[in-house]
Amino acid sequence: MSFVPPGTGWPGDPATADTPVAHDPADVRRLAAASRTLAELTAVQSVCRACPRLVEWREEVARVKRRAFADETYWGRPVPGWGAEHPRVLLVGLAPAAHGGNRTGRIFTGDRSGDWLFASLYRSGLARRETSTHAGDGQELIDARVLASVRCAPPANKPTPSEKSACLPWMAREIELVAPDVRVIVALGGYAWQAMWPALKEAGYDLPRARPAFGHGVEFEIRYGAAPVTLIGCYHPSQQNTFTGRVTAQMLDDVFTRARSLAV
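Let's talk about the pattern of salt bridges
Side-chain pairs of opposite charge can arise whenever the charged atoms involved come near each other.
Then comes step 1: According to the stated counting rule, one finds 16 salt bridges in the structure shown.
Then comes step 2: For Asp137, the salt bridge goes to Arg106, with nearest N and O atoms at 2.8 Å. Note that Asp137 is positioned in the loop between helix 5 (112-123) and strand 3 (144-148) and Arg106 in the loop between helix 4 (101-104) and helix 5, a separation of 31 residues in sequence. Across the pair, exposure class does not vary: Asp137 and Arg106 are buried alike.
Then comes step 3: Among the charged side chains, a salt-bridge network with shared partners connects Arg49, Arg58 and Glu59.

Set out below in structure tokens:
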């Protein structure tokens, strides 16, 4: 088996064997719109098969595996959003890593980017633990939730425009469901910054005509109804960025400490 069948006991698996499966973009839009709760939405997200290239890749990675994880079972399915049901802070990334979220079943979990991210969230008071290694490890987010604009690990970390478009309804509906509570949205990288704008529009946010440029620490205020919401840009804690010093632990801490203070 090249993926974990839904309902077979994986920690935190939101789906069952009876969860409806999206087989094309029209199914995605229909099932996303029909999801009335986060529990329903995360379940249908986690079994989606709408993008053939992504399905083939994520399951091939789960079958072949990386040598360091050869004895592990890979999740091999879409990675749904995760965290608080009523978050004040929402974190947005691009997509799961092939041997990170695609292996562990939890976004930003089990890879170097996640090591940096969760350590900073812990120092900033947004996570219970300093590490996030696998589903069921006891990690919890505090008043925060994290999601990806594309739910499946893409080859070379580059989803195609059509794959981004197909996955958009999952992201937009998740943002819509948590919008009444969210006061800060942090985009982890320029790609996430770009991807979240159409999702915010679909979710009902009031947006400016001109999209502000992404940058680390950039802040921009939008509104959800009468409530102000602050968008913050944050460089992605990728190995390339952390190894070169483009991103430091202090830079991440500054962003998340600021996000937490604004979310009160």
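Quick look at the layout of surface pockets
Then comes step 1: Considering only enclosed or pocket space, the largest pocket measures out at about 1100 Å³ in volume.
Then comes step 2: What lines the largest pocket is a set of 40 residues, and nearest its centre among them are Ala97, Ser113, Asn157, His236 and Ser238.
Then comes step 3: Where the lining of the largest pocket is concerned, the elements lending two or more residues are helix 5, helix 7 (190-203) and helix 8 (239-244).
Then comes step 4: Considering every element that reaches the lining of the largest pocket, the biggest residue donor is helix 7, with four residues.
Then comes step 5: Classifying every residue of the lining of the largest pocket by side-chain character gives 17 nonpolar, 16 polar and seven charged.
Then comes step 6: Lining the second largest pocket are 21 residues, and of these Gly12, Pro14, Pro80, Gly81 and Trp82 lie nearest its centre.
Then comes step 7: Of all the secondary structure elements, the ones that give two or more residues to the lining of the second largest pocket are helix 2 (38-45) and strand 1 (82-83).
Then comes step 8: When the residues that make up the lining of the second largest pocket are grouped by side-chain class, the tally is nine nonpolar, eight polar and four charged.

What counts, and where the lines are drawn
Residues numbered from 1 in each chain as written. Predicted model: local features only at pLDDT ≥ 70, side-chain atom pairs only at ≥ 80, totals over all residues. Heavy atoms only, no water. Salt bridge = Lys/Arg side-chain N within 4 Å of Asp/Glu carboxyl O. Helix = DSSP H or I, 4+ residues; strand = E, 2+ residues; numbered from the N terminus. Buried < 20%, exposed > 50% of the residue type's maximum accessible area, 1.4 Å probe, protein only. 1 Å grid on protein atoms, 1.4 Å probe; cavity = no way out; pocket = protein on both sides within 12 Å on 5 of 7 lines; lining within 4 Å. Points joined across faces, edges and corners; volume = space filled by probe spheres on them. Nonpolar A, V, L, I, M, F, W, Y, C, P; charged D, E, K, R; others polar.

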